[in-house]
Amino acid sequence: MSMCLCHPAKEFSVVSDVIITTNQSVVMFCNRLNRTTLISAVKRTCGLPCALTLSNLSPLHFSTDTLSEVEQMVGNSDMHITRVLFCGPYFPASHQYTKEYLQKYPFIQVDDVPLAVVPDVISNYNICVVKNMRLTSNIISRATQMKLIMQFGVGLEGVDIDAATKYGIKVARIPGDVTGNAASCAEMTIYLMLGLLRKQNEMQISIKQKRLGVPVGETLLGKTVFIMGFGNIGIDLAKRLRPFGVNIIATKRSWVLHSEGSLQSDGFLIENGTNDNLVDEKGSHEDIYKFAGESDIVVCCLSMNKETAGIVNKSFISSMKKGALLVNIARGGLLDYDAVLHHLESGHLGGLGIDVTWTEPFDPDDPILKFNNVIISPHVAGVTEHSYRSMAKVVGDVALQLHSGTPLAGVEIVN
């Protein structure tokens with residue numbers, strides 16, 4: 001086994017006259033190549049300047065014809081390998097499932113690297129899947145071979161889109177309505193709502209204390225649910241809430257009349273007779289305080305940006321009914337931490353269900369988690385077998401499209 005010293009992740013097995021990278025991204029037939037040519041070929045295969053230990057290679061005899069053929073093969077392989085970078089170790093199924101989907105395509109290389117290493121290696125990649133990495137202008141400026149920055153999902157608040165545009169790099173998200181991501185998030189929202197209503201944490205205490213018939217919970221039946229941000233997740237949530245017998249009110253910045261008998265909602269067409277009965281009352285951003293005061297449960301489904309950061313603040317929570325529940329499955333920064341903690345301590349906030357937090361991973365000893373009426377999950381609302389396999393396919397297909405030079409499909413380009 002020979003190791004690429006400046007790129008430890010790449011190892012080369014020497015079997016007879018064949019060198020094969022362990023990730024199967026390149027196969028080189030090196031019959032009768034001399035040592036210098038072999039090292040040169042492997043350097044180009046790595047895509048990095050490196051040195052190899054070749055002590056376990058027997059002497060090889062030089063052949064001009066073979067050398068020409070192999071050097072052409074290696075040159076073509078290096079030129080045509082499309083490299084995909086996944087940033088950081090979190091959400092591991094994202095890169096694992098993508099690798100599995102692409103395993104039959106040796107000309108696509110998928111790597112996941114620690115967050116701290118990304119700035120040093122990003123110049124070697126053509127596609128970057130950011131996950132929870134913040135891609136600043138400085139980091140993007142190093143991405144000299146980058147063609148596409150994308151999210152394994154929809155949130156792009158960590159990407160400097162203006163910088164990407166400046167450097168000629170496309171930025172994309174994966175629409176949640178076609179991959180099952182929105183449906184997965186909607187189901188998790190209902191899980192958190194029911195967990196709060198039925199007092200999940202108190203039930204665990206009763207089990208440990210061998211008590212029966214306590215606690216007394218609440219039902220969704222008859223409750224008013226305020227969906228703040230009626231995009232794909234909000235729509236899927238409303239569809240699933242209807243059978244529970246709830247009153248649904250929702251806000252978005254604009255409910256644009258698309259055509260007679262239809263509404264255009266952030267690119268989602270709501271046709272008459274199909275989805276027009278999902279919402280009992282529609283409002284705009286100016287109605288959020290009014291709707292908060294009318295609701296038993298507030299669900300935050302907003303996109304994260306400069307305008308929405310901290311939107312659920314002290315004034316907003318104070319406007320909610322005493323004892324109302326707050327659920328957030330969008331982004332942690334939408335909620336003002338101090339305001340949430342204050343209203344939990346005062347008892348005004350009846351319960352908090354969060355899949356996303358202010359810092360991630362969240363401190364398990366944070367004061368907010370001491371309350372029995374707080375339920376937290378580790379950012380898994382969209383992490384289901386169905387949605388992640390679907391999104392891995394989108395990433396894989398995009399890599400294949402980029403490799404072949406065909407138009408990108410299945411993603412939404414935002415710049």
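Residues numbered from 1 in each chain as written. Predicted model: local features only at pLDDT ≥ 70, side-chain atom pairs only at ≥ 80, totals over all residues. Heavy atoms only, no water.

Re the packing of aromatic side chains
If you walk through the whole model with that rule in mind, you get 8 aromatic pairs. Look at Phe230 and Trp255: their rings are 5.4 Å apart centre to centre, the planes differ by 35°, and that puts the pair in the tilted class. Placement of the pair is Phe230 in the loop between β10 (224-228) and α10 (232-241) and Trp255 in the loop between β11 (247-251) and β12 (256-259), with a sequence separation of 25 residues. For the pair shown, Phe230 and Trp255 are each scored as buried. Cluster of aromatic residues (ring-pair linked, three or more members): Phe86, Phe152 and Tyr388. Lying over the aromatic face of Trp255, Lys252 brings its terminal NZ or CZ to 5.9 Å of the ring centre. Here the guanidinium or amino end of Arg389 rests over the ring plane of Tyr97, the centre of that ring lying 3.5 Å away. (Phe/Tyr/Trp six-rings, centres within 6.5 Å; stacked < 30°, edge-to-face > 60°. Helix = DSSP H or I, 4+ residues; strand = E, 2+ residues; numbered from the N terminus. Buried < 20%, exposed > 50% of the residue type's maximum accessible area, 1.4 Å probe, protein only. Lys NZ or Arg CZ within 6 Å of the ring centre and 35° of its normal.)

Quick notes on unusual backbone geometry
Residues Val214 and Pro215 are joined by a peptide bond in cis, for which omega reads 5°. Take Pro215: it is sitting in the loop between α9 (200-208) and β10. Positive phi, normally seen in glycine, also occurs at Lys199, with a value near 60°. Locating Lys199 in the fold gives a position in the loop between α8 (181-197) and α9.

Regarding the pattern of salt bridges
Within the structure shown, the criterion is met by 14 salt bridges. In this structure, Asp120 and Arg142 form a salt bridge, with 3.9 Å as the shortest nitrogen-oxygen distance. Of this pair, Asp120 sits in helix α4 (residues 118-121) while Arg142 sits in the loop between α5 (137-141) and β8 (148-150), and the two are 22 residues apart along the sequence. With a relative accessible area of 59%, Asp120 lands in the exposed category. Among the ionic pairs, Arg389 bridges to Glu385, the shortest N-O distance being 2.8 Å. Of this pair, Arg389 and Glu385 both sit in helix α14 (residues 385-404), 4 residues apart, which is roughly one turn of the helix. Three or more residues are tied together by salt bridges with common partners; here these are Glu100, Glu385 and Arg389. (Salt bridge = Lys/Arg side-chain N within 4 Å of Asp/Glu carboxyl O.)

Structural notes on the confidence of the model for the protein chain
When the pLDDT values of the protein chain are averaged, the result is 83; 76% of them are 70 or greater. Contacts of residues 1-78 to residues separated by more than four positions or lying in other chains number 115 contacts, the stretch itself having pLDDT below 50. (pLDDT = per-residue confidence, 0-100. Contact = heavy atoms within 4.5 Å.)

Overview of the pairing of strand β9 (residues 170-173)
Examined bridge by bridge, β8 and β9 share 3 bridges and lie parallel to one another. Looking at the pairing, Leu148 lines up with Lys170 of β9. Crossover handedness for the path β8 to helix α6 (residues 161-166) to β9: right-handed. As judged from the 2 bridges shared by β9 and strand β20 (residues 412-413), these two strands associate in the antiparallel manner. Note on β20: the bridge partner recorded for Ala172 is Ile413. (Pairing = 2+ DSSP bridges. Right-handed = clockwise from strand over helix to strand, strands pointing away.)

Considering the environment of Gln109
Along the chain, Gln109 turns up in strand β6 (residues 108-113). According to the relative accessible area criterion, Gln109 is buried, its value standing at 5%. Between the C-alpha atom of Gln109 and that of Tyr125, which follows or precedes it by 16 residues, the distance is 9.2 Å. There is a polar contact of 2.6 Å between the side chain of Gln109 and the side chain of Asp111. (Polar contact = N/O pair within 3.5 Å; in protein donor to acceptor, adjacent residues only side chain to side chain.)

So, the nonpolar core
Membership of the largest hydrophobic core comes to 32 residues, with the highest contact counts inside it found for Ile227, Phe230, Leu241 and Ile297. Mapped onto this core, the elements with two or more residues apiece are α8, β10, α10, β11, β16 (297-300) and β17 (325-328). Looking at which element gives the most residues to this core, the answer is α8, with 9 residues. (Core = buried A, V, L, I, M, F, W, Y, C linked by side-chain atoms within 4.5 Å.)

Focus: the environment of Ala183
Examined against the element boundaries, Ala183 turns out to sit in helix α8. For the pair Ala183 and Gly382, spaced 199 residues apart in the sequence, the C-alpha separation amounts to 8.1 Å. If sequence neighbours within four positions are ignored, Ala183 has contacts with Asp236 and Arg240.

Side note on the sheet that holds β10
What the 7 strands build is an open sheet, ordered β15-β11-β10-β16-β17-β18-β19; its pairing is parallel. For this open sheet the edge positions go to β15 (281-283) and β19 (374-376), each flanked by a neighbour on one side alone. Strand-to-strand, the axes of this sheet are offset by a mean angle of 15°, without reference to chain direction. Strands in contact with α8 are β10, β16, β17, β18 (351-354) and β19; relative to β17, the strand with the most contacts, it is inclined by about 155°. (Axes fitted to C-alpha atoms, helices over the stretch in contact; angles between N-to-C directions.)

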